[in-house]
Amino acid sequence: MRFTFQTISLALVSLASIMSSAHAAEHVYSANNVKWKTECSACHLAYPPQLLPAESWRVMMTQLDKHFGADASLDAKTAAEISAFLQANAERNNRATTGKPSLRITETRWFKKEHDEVPARVWSSAAVKQAGNCAACHTQAERGDFSERSLRVPR
Ligand code: HEC
Ligand code: HEC
C-alpha cells in the first residue's frame, strides 16, 4: 500500500468538511408539526423541540393554563398531539438536565454558555427586550435556523 502526501491531505480535507457540516446542521432544527407550529407560535416563536429535554416539555404541556404567567390552554387532544411531537423530537444529549429540568430554554446551562458574550445592554435593548425573543438576533429562527450564518445581533 502506498500513501502519497496527496491522498492523506485529500482524506483530511474531506474529513474536515464532514465535521464542519455536521456542526452547522446541529443548529438548524427541522422537525415539524402543523398544530405545534400554529398553536405555539401565537405569542412567541414556536421554539424548536430540540432545545429542551423531553421531561421539560412533558411538564410544560401539563400546565398550559399557568404558562409563564399566561393562559395557553388547549383542548386535551391538541395538547396530547403537541406534547408527543415535542417529546419525540426533544434534546437527546441531556445537556440541560442537572436535577430538575428547566422549563425555560433561556435558563439552561448551554443557553447561558452560548450567549455569555452578549452584553446586558443588548438583552434589554428595545430591539430584543427579552432573551426568549430569539428572532431579534437569529434572523432565520422561524425556520429553525440558529446557525452563525444567519445571526445579526442588534447594537
Ligand atoms: C397565550 C400566549 C402563549 C401561547 C399560546 C404559548 N406561549 Fe409559551 N410563553 C408565553 C409567555 C408569556 C412566555 C414567557 C415570556 C417571558 O417572560 O420571557 C412564554 C415562554 C415560553 C417558553 C420559555 C422561553 C424561554 O424564556 O426560554 C417556552 C419553552 C414556551 N413558552 C413554549 C410554548 C409552547 C410549547 C407552546 C405551545 C403549546 C406555547 N409556548 C404557547 C406565552 C404563550
Ligand atoms: C441578543 C441576541 C440573541 C438572542 C435574543 C438570542 N441569541 Fe442565540 N446566539 C446569539 C449569539 C451572539 C450567539 C453566539 C454565536 C457564536 O459565537 O457561536 C448565539 C448562539 C446560539 C446558538 C448556538 C449557535 C451556533 O452556531 O453555535 C443557539 C442554538 C442559539 N443561540 C439559540 C437561541 C435561542 C433558542 C434563542 C431564543 C430563546 C436565542 N438564541 C436568542 C445571540 C442571540
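Everything below is about the structure shown above.
Below you will find a few notes about this structure. (Residues numbered from 1 in each chain as written. Chains lettered and ligands numbered in written order. Predicted model: local features only at pLDDT ≥ 70, side-chain atom pairs only at ≥ 80, totals over all residues. Heavy atoms only, no water.)

### Some remarks on the site of ligand 1
For clarity, the cut-off: Nearness is judged by heavy atoms alone; a residue qualifies as near a molecule or strand once a single heavy atom is within 4 Å of it. N or O atoms closer than or at 3.5 Å make up a polar contact, with two conditions inside protein: a donor-capable atom paired with an acceptor-capable one, and, for residues adjacent in sequence, both atoms drawn from side chains. Secondary structure elements follow DSSP: runs of H or I of four or more residues count as helices, runs of E of two or more count as strands, with numbering from the N terminus.
Taken together, 19 residues lie around ligand 1, and Cys-40, Cys-43, His-44, His-67 and Ile-105 are the ones closest in. Thr-106 places a polar main-chain atom, nitrogen or oxygen, 2.9 Å from an oxygen atom of ligand 1. In terms of residues, the shell around ligand 1 owes the most to one element, helix H3 (residues 54-61), which gives 3 residues.

### Description of the coordination of the iron atom of ligand 1
Geometry sets the ideal angles at a metal, namely 109.5 degrees for four tetrahedral donors and 90 or 180 degrees for six octahedral donors. Stated precisely, the cut-off is as follows: Any N, O or S atom lying within 2.8 Å of the metal counts as a donor, with the limit raised to 3.2 Å for Na, K and Ca; because water is left out of the atom set, some sites can appear incomplete. In these descriptions, tetrahedral denotes four donors with every angle between 85 and 135 degrees, square planar four donors and octahedral six donors with opposite donors over 155 degrees apart and the rest between 65 and 115, and irregular any other case. Throughout, exposure labels follow a simple rule: accessible area from a 1.4 Å probe, protein chains only, divided by the maximum for the residue type, with under 20% read as buried, over 50% as exposed, and the rest as partly exposed.
The protein atoms that coordinate the iron atom of ligand 1 are His-44 (NE2) and His-67 (NE2), at distances spanning 2.0 Å. Its 6 donor atoms give the iron atom of ligand 1 angles of 88 to 179° at the centre, a pattern that matches the octahedral case. Residue His-44 is found in the loop between helix H2 (34-39) and H3, and its partner His-67 is found in the loop between H3 and helix H4 (76-88); the two are separated by 23 residues along the sequence. We classify His-67 as buried; its relative accessible area is 15%.

### A few points about the environment of Tyr-29
Within the fold, Tyr-29 resides in the loop between helix H1 (5-26) and H2. Its relative accessible area of 11% is what places Tyr-29 among the buried residues. Distance in space between the C-alpha atoms of Tyr-29 and Tyr-47 is 9.8 Å, their sequence separation being 18 residues.

### What about the nonpolar core?
So the rule is basically this: Residue types Ala, Val, Leu, Ile, Met, Phe, Trp, Tyr and Cys, when buried and joined through side-chain atoms within 4.5 Å, form a set referred to as a nonpolar core. Should any heavy atoms of two residues lie within 4.5 Å, those residues are counted as being in contact.
Counting residues in each nonpolar core, the largest one holds 22 residues, and the members touching the most others are Trp-57, Leu-86 and Ile-105. Of all the secondary-structure elements, those providing two or more residues to this core are H3, H4 and helix H5 (109-114). No other element matches H4, which puts 4 residues into this core. Among all residues touching Trp-57, those that are not within four sequence positions of it are Tyr-47, Pro-48, Pro-49, Leu-52, Leu-86, Gln-87 and Ala-90.

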